[in-house]
2 protein chains.
Amino acid sequence: MARSTHVRRPATLASLAAELGVSRTTVSNAYNRPDQLSPELRRRVLETARRLGYPGPDPVARSLRTRKAGAVGLLLTENLSYAFRDPAALGFLEGLALACEGAGQGLHLVPVNPEREDVAAVHRAGVDGFVVYSVPDDDPHLAAVLSRPVPTVVADQPHVEGVDRVGIDDRGAITALAQRLISLGHRRVGVLCMRLARDRNDGFVTTDRAEHATFHVQRARLAGLTDAFGAAGVDWGRVPVVERFDHSVASGASAAAQLLDADPHVTALICTSDILALGALAEARRRGLRVPQDLTVTGFDGIADADRVGLTTVRQPVLEKGRAAGKLLLASVDPTRPREITLNTELVPGATAAPPRTAEERWFGP
Amino acid sequence: MARSTHVRRPATLASLAAELGVSRTTVSNAYNRPDQLSPELRRRVLETARRLGYPGPDPVARSLRTRKAGAVGLLLTENLSYAFRDPAALGFLEGLALACEGAGQGLHLVPVNPEREDVAAVHRAGVDGFVVYSVPDDDPHLAAVLSRPVPTVVADQPHVEGVDRVGIDDRGAITALAQRLISLGHRRVGVLCMRLARDRNDGFVTTDRAEHATFHVQRARLAGLTDAFGAAGVDWGRVPVVERFDHSVASGASAAAQLLDADPHVTALICTSDILALGALAEARRRGLRVPQDLTVTGFDGIADADRVGLTTVRQPVLEKGRAAGKLLLASVDPTRPREITLNTELVPGATAAPPRTAEERWFGP
DNA sequence: AATTGGTTCTGAACCGTTACGGTCAATCCA
DNA sequence: TGGATTGACCGTAACGGTTCAGAACCAATT
């Protein structure tokens, strides 16, 4: 071990330069601009670096100087691990990862605790830009992101004036789905929706709450239903809407139970997500209700499991959405880029929607 | 817009201090150590910051000075998006994310292209440490990570002397599974395994290749099988082993087909992952082979889909593994921490393993 | 009156790098 | 031959903060 030159502190570019008797610039160039020095000197630099255990320019110092971090920040207000549970979020994440990977950018998952209002993590993230996904319009973390002098792209959820955005036409898409149910004959329906605002409200939703939901996507989907059923002459004020804070199959089941208990005569359960719809299907099965003969159930998103069970739903290109968000962000330097991207959705007929049973059928069977 | 003080460059801590007529230290303290200045002055600082649009201390500059990035790097040699596809990787990721979240650390996904040897991304990542998952022992990215002066934890895959590690007893676990098959009476078996080294080799595996596999986990699992079947008097050199580069259900199916074509008399297909096993099941179904009556199939990992189809497999705690890796890394300052964590596995009996049919049964039915 | 202690704020060093605008000698060209 | 060009390298000034050892001030204590 006599070889070790008691390196108290690890070598830096400066110490390496000193050792070599060249300027720091030259060492820097050896790493970053090989054409700026002779091959021979460069070889010497790199060799000495190896000998001294110099790992190459410090990324943080470099970032400070170049004003580039080489990473994209991702903000989602749910617990980080939520993103790994929800198939739609996962698809988005995958698409975003693909875009980053393609551009050689890292993906920095910002750790935020949805319960606390600790915004520090947003300020601490060394990133060149942010993608914000699935947070309410009034989220303090979102505000923190926007306060930072880096480009930001919002996906779906928060609707912010003047900020680049990628999403779908939630309102129009669910309107089309609703019109289908209407043409099948459904008039007495119930709705299961996700969290509408930051506060927990597991239960029925007032018209006011629905209209002022801070989760933009949910608000838009409810509005789309209002559009369609309002036009069909259904008094929307009487349509039961049940909200769940947690987004899970179990939540969907319990919400369906709550709604069916309160109004056993609904002929269709419209869910604002496939996950909730899967829960509704489970609850229907539990009650011995056949789908779609006794009850129509619809979802939204088009996740793999929905496909598997033949759910009537709206498919949206989640992976493409993530990729688009990434590309949009990474193209921020280009002033001619689109400022907003709306992706297409597709109505999936599925097998969980059918005409409602008539009163006679209810009593005497089909 | 007369109010705007033509801010060419965004405000910095220094410009803010100048505006206020205080020192930079004081402004810094206003953000980081509120107890170091009078509440009144602090209020003024923060107010002026808001007015000037100063977003708070620059994270990169802060990182340079404090030598903390507040983020953990994750290296996996697969395409980044692979991690979002493979259930086992996903579980690991979720556990790791949980650990990071709990510690307020970001999770920085390092973008590496498995095809190219571009190590730059590793050098560019501003992180306090690395978790390395599922890369071969001789991966250049791994070497790059180790050259950086930050703590590193390896999960499962690369086996590196002197580096902290979390994993399972792959060899022992699969030995137990094999012994079960042996006691059921299986002697003529085939093996389906994942990528053994960085080069693509879709097909049969020589003994030499198996023994020198650079993917440590695969090597260990194959070795475990050798242990068990060797002890049972089976000539391992004659056991067909088929390798697949891509890890997917389709790969599993094609590997199973290749193996069954070459040796229709095997009574069991032992797969080194559940994903491959699911493919093997699909191929068996395609051929009209009943599982387990006509063919035994086993997996490894214990993913959700395996559970769903009742696969005989080994369950490993993937989420816990990710969490353990994170915790181990974040505890690097503690010299008394464990240097290696081995988690427990569990044999899942499942319903895809049964005694092999005898020759008579083969001809005359059960 | 001198000492002590506490609060509030400052000056200067430092973190490790890259951008910018040079210098200087060697080479090229007509 | 002399002016322009090129290649190789260097010095300085940031980049935007944090930190630590004091300075200045004031009130309380000895």
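This one's a predicted model, so the numbers in the text were calculated from it and none came from an experiment. (Residues numbered from 1 in each chain as written. Chains lettered and ligands numbered in written order. Predicted model: local features only at pLDDT ≥ 70, side-chain atom pairs only at ≥ 80, totals over all residues. Heavy atoms only, no water.)

1. Focus: the interface of chain A and chain B
- Residue-level contacts link 39 residues of chain A with 40 residues of chain B.
- In total, about 3,400 Å² of surface goes out of reach between chain A and chain B, with carbon and sulfur atoms giving 63% of it.
- Across the chain A-chain B interface, the total number found is two salt bridges.
- A salt bridge links A:Arg85 to B:Glu94, with the nearest nitrogen and oxygen atoms 3.0 Å apart.
- Residue assignment for the side of chain A that touches chain B shows that the elements contributing at least two residues are α4 (59-66), α5 (87-102), β2 (106-109), α6 (120-124) and α13 (304-309) of chain A.
- Per-element tally for the side of chain A that touches chain B: the top contributor is α5(A), with six residues.
- Class assignment for the residues of the side of chain A that touches chain B results in 21 nonpolar, ten polar and eight charged.
- Taken together, the three bridges between β2(A) and strand β2 (residues 106-109) of chain B define a ladder with antiparallel strand orientation. What sits directly across from A:Leu107, in β2(B), is B:Leu109. (Contact = heavy atoms within 4.5 Å. Buried area = accessible area lost by both parts, 1.4 Å probe. Salt bridge = Lys/Arg side-chain N within 4 Å of Asp/Glu carboxyl O. Helix = DSSP H or I, 4+ residues; strand = E, 2+ residues; numbered from the N terminus. Nonpolar A, V, L, I, M, F, W, Y, C, P; charged D, E, K, R; others polar. Pairing = 2+ DSSP bridges.)

2. Some points on the UniProt feature "domain: HTH lacI-type" (unreviewed entry) in chain A
- Taking the numbering used here, the UniProt-annotated feature "domain: HTH lacI-type" (unreviewed entry) corresponds to residues 11-66 of chain A.
- Secondary structure within residues 11-66 of chain A divides into 70% helix and 0% strand; the distance between the first and last C-alpha atoms comes to 21 Å. (UniProt positions renumbered as here; feature names shortened; annotations may be inferred.)

3. Considering the relation of the copies chain A and chain B
- Each copy superposes on the other: chain A lies on chain B with an RMSD of 0.1 Å after a rotation of 180 degrees and an axial shift of 0.0 Å. Between the two chains, the operation in question is that of a two-fold axis. Scanning chain A for the C-alpha nearest the rotation axis identifies A:His108, at a separation of 2.1 Å.
- Of the interface residues in chain A, 97% have counterparts in chain B that sit at the interface too, so the contact is made through matching surfaces. (Least-squares fit on C-alpha atoms with pLDDT ≥ 70 in both.)

4. Quick notes on the sheet that holds strand β4 (residues 152-155) of chain A
- Pairing in this open sheet of twelve strands is mixed, and the strands run β12(A)-β5(A)-β4(A)-β3(A)-β1(A)-β2(A)-β2(B)-β1(B)-β3(B)-β4(B)-β5(B)-β12(B) from one edge to the other. For this open sheet the edge positions go to β12 (340-343) of chain A together with β12 (340-343) of chain B, each flanked by a neighbour on one side alone. When the angles between neighbouring strand axes are averaged without regard to direction, this sheet yields 20 degrees. (Axes fitted to C-alpha atoms, helices over the stretch in contact; angles between N-to-C directions.)

5. Examining the domain arrangement of chain A
- Here the domain parsing of chain A yields domain 1 (1-52), domain 2 (71-167 + 319-343) and domain 3 (170-316 + 347-364).
- Taken over C-alpha atoms, the centre of domain 1 of chain A sits 39 Å from the centre of domain 2 of chain A. (Domains from an automatic or database assignment.)

6. Topic: the pairing of strand β6 (residues 189-193) of chain A
All names here are of chain A.
- The buried fraction of β6 is high, at five of five residues.
- The alternating pattern of β6 places Val189, Val191 and Cys193 and Gly190 and Leu192 on opposite faces, both of which are buried.
- The pairing of β6 with strand β9 (residues 268-271) spans four bridges and is classified as parallel. When the sheet's bridge partners are listed, Gly190 is paired in β9 with Leu269. (Buried < 20%, exposed > 50% of the residue type's maximum accessible area, 1.4 Å probe, protein only.)

7. Here we look at the packing of aromatic side chains
Residues and elements named next belong to chain B.
- On inspection of all chains with the given rule, the structure shows seven aromatic pairs over all chains.
- Above the plane of the ring of Phe245 lies Arg195, whose end atom (NZ or CZ) is 3.6 Å from the centre.
- Positioned above the aromatic ring of Phe300 is the side chain of Arg221, whose terminal nitrogen or guanidinium carbon lies 3.8 Å from the ring centre. (Phe/Tyr/Trp six-rings, centres within 6.5 Å; stacked < 30°, edge-to-face > 60°. Lys NZ or Arg CZ within 6 Å of the ring centre and 35° of its normal.)

8. Quick look at helix α11 (residues 249-262) of chain A
Residues and elements named next belong to chain A.
- Here α11 contains 14 residues, and its C-alpha end-to-end distance of 20 Å stays within 8% of the 20 Å for a straight helix at 1.5 Å per residue.
- The complete set of buried residues in α11 reads Ser251, Gly252, Ala253, Ala255, Ala256, Ala257, Leu259 and Leu260.
- Tucked inside the fold, the buried residues of α11 contact β6, β7 (203-204), β8 (241-243), β9 and α12 (274-286). (Expected span 1.5 Å × (residues − 1).)

9. Notes on the protein's contact with DNA strand D
- The immediate surroundings of DNA strand D are formed by 30 residues, with A:Thr25, A:Thr26, B:Leu13, B:Arg24 and B:Ser28 found nearest.
- The share of sugar and phosphate among atoms of DNA strand D within 4 Å of the protein is 57%.
- B:Arg24 places a side-chain nitrogen or oxygen 2.7 Å from a base oxygen of DNA strand D.
- For the surface near DNA strand D, the secondary-structure elements that each account for two or more residues are α2 (24-32) and α4 of chain A together with α2 (24-32) and α4 (59-66) of chain B. (Near = heavy atom within 4 Å. Polar contact = N/O pair within 3.5 Å; in protein donor to acceptor, adjacent residues only side chain to side chain.)

10. Structural notes on helix α3 (residues 39-52) of chain B
Residue and element names in this part refer to chain B.
- Helix length check: α3 (14 residues) gives 20 Å between terminal C-alpha atoms against 20 Å at 1.5 Å per residue, within 8%.
- Among all positions of α3, only Leu41, Val45, Thr48, Ala49 and Leu52 are buried. An end-on view of α3 places all buried positions within 105 degrees of arc, on one side of the element. In α3, the exposed positions angled more than 90 degrees off the buried face are occupied by Pro39 and Arg50.
- Against the buried residues of α3 lie α1 (13-20) and α2.
- Looking one or two places after α3, you find Gly53, whose phi comes out positive at around 70 degrees. (Arc of directions from axis to C-beta.)

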